[in-house]
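Residue-level listing of the chains:
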Amino acid sequence: MTAQWRLTVAAAGATLLTSLALSPTVASGDWLVLLGITLVAVAASAGISRQAALPRWLTTAVALAALLIAVTVIFARGVAVLGFLPGPAVWDQLRTLAQDGLQTIWDQPTPVSGTRGIELLIVAGVGFVGVVVDAVGVTWRRAAAAGLPLLVLYLVPASVIPDGVPWPLFVVGALGWLLLLLSDGRDRLNRWGRMVSMRNDDDARPARVSVGGTGRRLAAVALAAAVVVPIGLPMLSEGVLGQGGGDDPNADGGSGTAGLRRVVTINPLVNLRRDLVRGADTVVLRYTTDDPTPEYLRIATLDQFDGRTWTLEQMQAGSDQLAREGLPPPPGLSDGVFVEPVTTSVSVVALSSPRLPLPYPVTRVDIEGDWRWDADSFDVFTADVEGTADGVEYTAQSLQVRPTSDELRLAPSADDALATYTEVPPFTATELDAVTEQVTGGEATDYDKALALQNWFRSEFTYSLARRSGNGLSDMQAFLADRSGYCEQFSATMALMARVAGIPSRVQVGFAPGTQLADGTWEVTAHDAHAWPELWFEGAGWVRFEPTPGGGDGSATPSWAPVPVLPGTDPEGNGAGGNGQTIPLRRQPLDPNATNTPGGSRGDLPGNRRTGDDRTTAGPLTASDSSGIALWPFVLAAVLLVGAALATPAFVARQARRRRWAAADDPSAAAEAAWRDVLETALDLDLDPLPTETPRDLAERLPRQGRLSADGRSAMIDLARTLELARYAGTADDSATAVERIRQDARRVTDDLRSAVTPQDARRARWWPASGRAMVARRLGDLSTGGDRAVGGAGRWVRSLSGRARRDAGPSALRSDA
């Protein structure tokens, strides 16, 4: 392997090894395989470009083009030109996938699901880093500086993983960079020539210094120090980074570590699973209340579903909406529904949120600071950009609303003012129509439909934290097929199905009531984080339902939504049980590509492309796309590209030879063409003609070094004599057979030169000729020079225009100033 190919492989390997640091941030997916294929394409294209002696900037451009083609084949081959060339449709599909990936990053905690969007972001992003590493470390030969883009790549997972990147992944990435440095140093050392060895008088063996061994030992010591030394350094408290510190021994979950505490950050739906599963069960808040059965504490209202996820409503409040001055009566609540005033005093221990955890509906919050209430959700939030509920104490006045089942059953349908709470994207509605009809089709009122949905989930589904975070359409499809999930999927899916049934709904995120301590205080921990749906009933307003079975902090259903106790059913709703009342539902995942689902068209959601005959074509967000990828189109495209690049020098050389002989219509031109054939063949066989050699000198050296036969030697001498006569005497054999004789002599010499080398060298000279590579490099250099001339000419033209404009404007400007 030549030096440049060693460096090329080392650069690609360093990028791939460093990218392993991303593995803790992605839960699943084929991103590593796809990334490896992409880096191979980038490295091969850059290496071939350097082998062809292309200009540096053009080598980098070729690598970028290979990256773009690889990304196109992997993620958008269905809409690409010829299956691998990017076009307008490709850009649209890649943009949609990228947006989906960014939304996944925003919606899900680490590790995120390995969706197609996430795979695109990783493959394209790390592939670009690979291009930069190759350009800096190999093309411009700055191997040490190539560590900077690798460091940037490593810092991405290091900044988002709570516990940092595991040290073995750091070691692997560092080894990749050290191998690149070693390859570069080895090549630079070899440029000095052969190693000078000295004879040792004692054992008569050559004595030499092992530079490579010394480098490896230094690298091992440096890596060990980088891993071990930080362990012995004193830890900084989280307060240095803005999290704050505290002395409460219970604030970190009871560990008693002084000066450190874990602050729970509530990002609606996103961090639920993380707070439910990971780490210590941190105390979030404590409260006292005069309500013997406290309600859930709401933090955030999610009232919009965009086809991919539930999102927060945008809160707005003026300076006249201070929570300490009181809130208006809750919307939709009539005088006929039983209510009871409740007082709750809250002390927040560790909660990083701009919103207060409060029961609903709250009527007043006695709190210091600029805390305001939102008119739509009644959520209370701080107007301070950097404000947080962490460490805040307040007293909330609220209402305990207790409607009866009969009151909810007799409630009239919602009016048009609540139409926004029944909006469902057409594609989502189509997928949920059949399921919702199966569950609620026999019910006459909105209340009975809501109760049927709640109890169907509680009796037919099981609670499990094994499922990854996610509440988009694909997550709900998997949830409905597996019938297993946690509160995020239960609440999000029931709210959507309620909307499909025509009931206004939204999703709430907050905490279950928690645990009552001996002194009557209630304690809420991170494991009490919860999500539940709220449905609208005229007269009662927003009413809580609880579809999550027991075990997920949702074991207590509200009094107005009881769970029927049937034979064989767990009265606490702890999962599916053979109660004989099951509602048939297809167990396979819902297929977004199905055309026979009720409801007709899937609409014009992102990811669907409408054709002229009003049919839709599945885009990048379909379930079938996310399950895998056929690699053969990419492999075929890569083989074709590499094959074309490898065949170019031989093709160019043959074409040049054909054109020369086509123009050789006299002995003088034939002599030049024949001599050029001999020179190029010698160059291809590593018998490079020297710049100072005359035709006669070469005729003496080449037969000896090229091991020509007697006929070949005689033909070489004849060619040299004919060329000298044509060049310097202006005479040549002008017989009718002279051109053919010269051609035969040239063919005899070149055939003898090729037959004297090994078959491997002969094949290399024929299919990868150095003369052809030199021609390609010269032509590309000419193109580059022409481009530079064009750019320079355009620049001079622009400067001349600007100078002319200044000259024309000068007098008028002076007159204007005067």
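Residues numbered from 1 in each chain as written. Predicted model: local features only at pLDDT ≥ 70, side-chain atom pairs only at ≥ 80, totals over all residues. Heavy atoms only, no water.

Participant: Which residues make up the packing of helix H17 (residues 667-684) against helix H20 (residues 738-755), and what values go with them?
Facilitator: Running from N to C, H17 and H20 cross one another at 5°; their axes reach a closest spacing of 9 Å. Judged by the inter-axis angle, H17 sits roughly parallel to H20. Residues Pro667, Ala670, Ala671, Ala674, Asp677, Val678 and Thr681 of H17 touch H20, and the partners they reach there are Ala738, Val739, Ile742, Ala746, Val749, Thr750, Leu753 and Arg754. Considering only residue class, the contact of H17 with H20 consists of eleven nonpolar, two polar and two charged. (Axes fitted to C-alpha atoms, helices over the stretch in contact; angles between N-to-C directions. Helix = DSSP H or I, 4+ residues; strand = E, 2+ residues; numbered from the N terminus. Parallel < 35°, antiparallel > 145°, perpendicular 65-115°, else oblique. Contact = heavy atoms within 4.5 Å. Nonpolar A, V, L, I, M, F, W, Y, C, P; charged D, E, K, R; others polar.)

Participant: Give me the lowdown on the sheet that holds strand E7 (residues 339-348), citing residues and values where you can.
Facilitator: Across the sheet, six strands lie side by side as E9-E12-E7-E4-E17-E16; this open sheet has antiparallel pairing. Both outer strands of the open sheet, strand E9 (362-366) and strand E16 (515-516), are each paired with one neighbouring strand and no more. Of the pairings in the sheet, the one linking strand E4 (residues 283-289) to strand E17 (residues 522-525) comprises four bridges and is antiparallel in character. When the sheet's bridge partners are listed, Arg286 is paired in E17 with Glu523. (Pairing = 2+ DSSP bridges.)

Participant: Please provide a residue-by-residue account of the packing of helix H19 (residues 710-729) against H20, values included.
Facilitator: Interhelical geometry of H19 versus H20 gives an angle of 130° and a closest axis separation of 9 Å. As far as their axial angle goes, H20 and H19 are oblique. The way H19 lies across H20 gives a crossing that is left-handed. Facing H19, whose interface residues are Asp711, Gly712, Ala715, Met716, Asp718, Leu719 and Thr722, H20 presents Arg741, Ile742, Asp745, Ala746, Arg748, Val749 and Asp752. Grouping the constituent residues of the contact of H19 with H20 by class yields six nonpolar, two polar and six charged. (Left-handed = near helix turned anticlockwise from the far one by under 90°.)

Participant: Account for the sheet that holds strand E18 (residues 529-537), naming residues and giving values.
Facilitator: Overall, antiparallel pairing links the five strands, which are arranged E6-E5-E15-E18-E19 in an open sheet. The sheet is open, and its two edges are formed by strand E6 (310-312) and strand E19 (541-544), each paired on a single side. On average, adjacent strands in this sheet sit at an angle of 40° to one another, irrespective of strand direction. Bridge count between strand E15 (residues 505-511) and E18: seven bridges; the pairing is antiparallel. If you follow Arg506 over to E18, its bridge partner there is Glu534.

Participant: Pulling in residues and values, what's your account of a nonpolar patch on the surface?
Facilitator: A surface patch of nonpolar side chains, amounting to about 280 Å² of accessible area, comprises Val81, Leu82 and Leu85. Its location among the elements puts Leu82 in the loop between helix H3 (56-76) and helix H4 (88-107). Using a relative accessible area of 70% as the deciding quantity, one classes Leu82 as exposed. (Patch = residues over 30% accessible without salt bridge, like charges linked within 9 Å, V, L, I, M, F, W, Y side chains within 5 Å. Areas by Shrake-Rupley, 256 points an atom, 1.4 Å probe, with all protein chains shown as cover. Salt bridge = Lys/Arg side-chain N within 4 Å of Asp/Glu carboxyl O. Buried < 20%, exposed > 50% of the residue type's maximum accessible area, 1.4 Å probe, protein only.)

Participant: I'd love a proper account of the environment of Ala65, names of residues and values included.
Facilitator: Here Ala65 lies in helix H3. In this structure, the C-alpha to C-alpha distance between Ala65 and Ser45, residues 20 residues apart in sequence, is 8.9 Å.

Participant: Which residues make up the confidence of the model for the protein chain, and what values do they have?
Facilitator: Interpretation of this model should avoid reading the predicted coordinates in detail wherever pLDDT is low. Of all residues in the protein chain, 71% attain a pLDDT of 70 or more, and the chain-wide mean is 75. The model gives residues 269-279 a pLDDT under 50, and that stretch makes 49 contacts with residues more than four places away or in other chains. Taken together, the stretch residues 809-818 has pLDDT below 50 and engages in zero contacts with residues farther than four places along the chain or on a different chain. (pLDDT = per-residue confidence, 0-100.)

Participant: How would you explain H20 if you had to name every residue and give the values?
Facilitator: End to end, H20 covers 26 Å across 18 residues, agreeing with the expected 26 Å (1.5 Å per residue, within 8%). Inspection of H20 places Ala738, Ile742, Asp745, Ala746, Val749, Thr750, Asp752 and Leu753 among the buried residues, and these make up the whole buried set. Along the axis of H20, the buried positions cluster into a sector of 160°, meaning they face one direction only. (Expected span 1.5 Å × (residues − 1). Arc of directions from axis to C-beta.)

Participant: Which residues make up a positive patch on the surface, and what are the values?
Facilitator: Together, Arg654, Arg658, Arg659, Arg766, Arg778 and Arg779 make up a positively charged patch on the protein surface. For the positive patch, the secondary-structure elements that each account for two or more residues are helix H16 (632-663) and helix H22 (770-817). With three residues, the single largest contributor to the positive patch is H16. (Lys, Arg positive; Asp, Glu negative; His and termini not counted. Charge placed at Lys NZ, Arg CZ, Asp CG, Glu CD.)

Participant: Can you lay out the environment of Ile118 for me, pointing to particular residues and giving the numbers?
Facilitator: Following the sequence through the fold, Ile118 ends up in helix H5 (residues 116-139). With 17 residues separating them along the chain, Ile118 and Gly101 place their C-alpha atoms 4.5 Å apart. Excluding anything up to four places from it in sequence, Ile118 contacts Val26, Gly101, Thr104, Ile105, Val112 and Ser113.

Participant: Lay out the pattern of salt bridges with the relevant residues and their values.
Facilitator: Taken as a whole, this structure holds 30 salt bridges when the rule is applied. We note a salt bridge from Arg298 to Glu534, for which the minimum N-O separation is 3.1 Å. Of this pair, Arg298 sits in strand E5 (residues 297-305) while Glu534 sits in strand E18, and the two are 236 residues apart along the sequence. What makes Glu534 buried here is its relative accessible area of 2%. When the shortest N-O distance is used, the salt bridge between Asp686 and Arg764 registers 3.2 Å.

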